[in-house]
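Results of the structural survey
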Amino acid sequence: LTGLCPLAGPPPTLSIHVYTQREVHGTVGSHVTLSCSFWSSEWISEDISITWHFQAEGSRDSISIFHYAKGQPYIDDVGTFKERMEWVGNPHRKDGSIVIHNLDYTDNGTFTCDVKNPP
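Cut-offs used in this document
Residues numbered from 1 in each chain as written. Predicted model: local features only at pLDDT ≥ 70, side-chain atom pairs only at ≥ 80, totals over all residues. Heavy atoms only, no water. UniProt positions renumbered as here; feature names shortened; annotations may be inferred. Pairing = 2+ DSSP bridges. Helix = DSSP H or I, 4+ residues; strand = E, 2+ residues; numbered from the N terminus. Core = buried A, V, L, I, M, F, W, Y, C linked by side-chain atoms within 4.5 Å. Buried < 20%, exposed > 50% of the residue type's maximum accessible area, 1.4 Å probe, protein only. Contact = heavy atoms within 4.5 Å. Axes fitted to C-alpha atoms, helices over the stretch in contact; angles between N-to-C directions. Polar contact = N/O pair within 3.5 Å; in protein donor to acceptor, adjacent residues only side chain to side chain. Disulfide = S-S within 2.5 Å.

Per an unreviewed UniProt entry, the protein carries the name MYP0 protein and comes from Corythaeola cristata. UniProt, in its Subcellular location (unreviewed entry) section for the protein, records the words "Membrane".

1. Some remarks on the pairing of strand 5 (residues 63-69)
As judged from the 5 bridges shared by strand 4 (residues 49-56) and strand 5, these two strands associate in the antiparallel manner. Bridge pairing in strand 5 links Thr-51 to His-67. Hairpin connection between strand 4 and strand 5: a loop of 6 residues separates the two successive antiparallel strands, and Gly-58 in this loop has a positive phi of roughly 85 degrees. Of the strand pairs in this sheet, strand 5 and strand 6 (residues 72-75) are connected by 4 bridges, and their pairing is antiparallel. Counted as the bridge partner of Phe-66 is Ile-75 from strand 6. From the end of strand 5 to the start of strand 6, which pair antiparallel, there are 2 residues, and Lys-70 there has a positive phi angle of about 55 degrees.

2. Thoughts on the nonpolar core
Core analysis: the largest hydrophobic core is formed by 20 residues, its most contacted members being Ile-50, Trp-52, Ile-65, Phe-66, Ile-98 and Val-115. With sequence-adjacent residues up to four places away left out, Val-115 is seen in contact with Ile-16, Val-18, Cys-36, Phe-38, Ile-48, Ser-49 and Ile-50.

3. Side note on the sheet that holds strand 6
If you walk across this open sheet you meet the 4 strands as 6-5-4-9, and the pairing is antiparallel. The two strands at the open ends of the sheet, each matched to only one other strand, are strand 6 and strand 9 (109-116). The sheet shows a mean angle of 15 degrees between the axes of neighbouring strands, direction not considered.

4. A short note on the side chain of Asn-117
Note that Asn-117 resides in the segment after strand 9. The class for Asn-117 is buried, based on a relative accessible area of 13%. Within the structure, the side chain of Asn-117 is placed 3.0 Å from the backbone oxygen of Trp-43, a separation counted as a polar contact. For Asn-117, the side chain forms a polar contact with the main-chain nitrogen of Ser-45, separated by 2.8 Å. Contact partners of Asn-117, with chain neighbours within four places excluded, come to Ile-16, Ser-40, Glu-42, Trp-43, Ile-44, Ser-45 and Ile-48.

5. A few points about the state of the cysteines
In the structure shown here, the tally under the stated rule is 1 disulfide. Bridging Cys-36 to Cys-113, the disulfide has an S-S length of 2.0 Å. Between Cys-36 and Cys-113 the disulfide shows an S-S torsion of about -70 degrees. By sign, it is left-handed. Here Cys-36 is found in strand 3 (residues 36-40), whereas its partner Cys-113 is found in strand 9, with 77 residues between them in sequence. A single burial state applies to Cys-36 and to Cys-113, both of which are buried.

Okay, here's the thing in structure tokens:
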């Protein structure tokens, strides 16, 4: 008897592709939507998580300002975005977007959307 032996090694890695706008412009006092869409070759798990980070212009540090997990949005309740952020995404539609209201000049910086779809 002969048989086929699969090659040993780690399982293939599956990835999520995350898409955001390169630049978003707003004026002080207005609002802006930070779009985050994603694509995964796997089904969207109930354990999906979406985290938004902010790095102020000229700063080396990045802080978490929003987190979605276990089907619930968690908005930063102590930082600079307190009471100015709105969750408008829908993970089942592959959307992790947020809105920032009442823009301030200190909001200038880099926003990053991070999506995890375990396992």
